[in-house]
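Read off the chains here:
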Amino acid sequence: VQLVESGGGLVQPGGSLRLSCAASGFSFSSYRMSWYRQAPGKERELVAAITNAGGSTNYADSVKGRFTISRDNAKNTVYLQMNSLKPEDTGVYYCYAYRLGYNYWGQGTQVTVSS
């Protein structure tokens, strides 16, 4: 089982990034997918989640209207489009796969929002 995140980096406030998480080794379309983030000195928090078929999403209040989660089950990939980035969005972003009795984490990708 692998979850491999990519797309992180350094961006100025107000900028955009698109994170990708490529999954392998499990039945991707059966899993609810989420993005979490962890800022320095803080607990890991849920950013966004999407159901296995992509019909429903939910977001942390802090990112509503700025971030969009999506998935492509044909490519076994989940995305996080991040717009209007703020310094407080800085952190390591993790991909997470869940279904009853099973869960997997990616290794994380660093996002830094700074001028």
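Residues numbered from 1 in each chain as written. Predicted model: local features only at pLDDT ≥ 70, side-chain atom pairs only at ≥ 80, totals over all residues. Heavy atoms only, no water.

Engineer: Is there a simple way to think about the environment of Thr112 in this case?
Structural biologist: If you trace the backbone, Thr112 turns up in strand 11 (residues 109-113). A residue is classified by how much of its surface remains accessible, and Thr112, at 26% relative accessible area, is partly exposed. Residues Thr112 and Ala22, spaced 90 residues apart in sequence, show a C-alpha to C-alpha distance of 21 Å. Contacts of Thr112, omitting those with residues within four sequence positions, involve Gly9, Leu10, Val11 and Thr90. Polar side-chain contacts of Thr112 include one of 3.3 Å to the side chain of Gln110. (Helix = DSSP H or I, 4+ residues; strand = E, 2+ residues; numbered from the N terminus. Buried < 20%, exposed > 50% of the residue type's maximum accessible area, 1.4 Å probe, protein only. Contact = heavy atoms within 4.5 Å. Polar contact = N/O pair within 3.5 Å; in protein donor to acceptor, adjacent residues only side chain to side chain.)

Engineer: Would you mind showing me how to read the sheet that holds strand 7 (residues 67-72) here?
Structural biologist: What links the strands of a sheet is backbone hydrogen bonding, and the strands pair in either a parallel or an antiparallel sense. Strand order in the open sheet made by the four strands is 1-3-8-7, with antiparallel pairing throughout. Every other strand in the sheet has two partners, leaving strand 1 (2-6) and strand 7 as the edge strands with one partner each. The sheet shows a mean angle of 15° between the axes of neighbouring strands, direction not considered. Bridging between strand 1 and strand 3 (residues 17-24) involves five bridges; their strand directions are antiparallel. What sits directly across from Ser6, in strand 3, is Ser20. (Pairing = 2+ DSSP bridges. Axes fitted to C-alpha atoms, helices over the stretch in contact; angles between N-to-C directions.)

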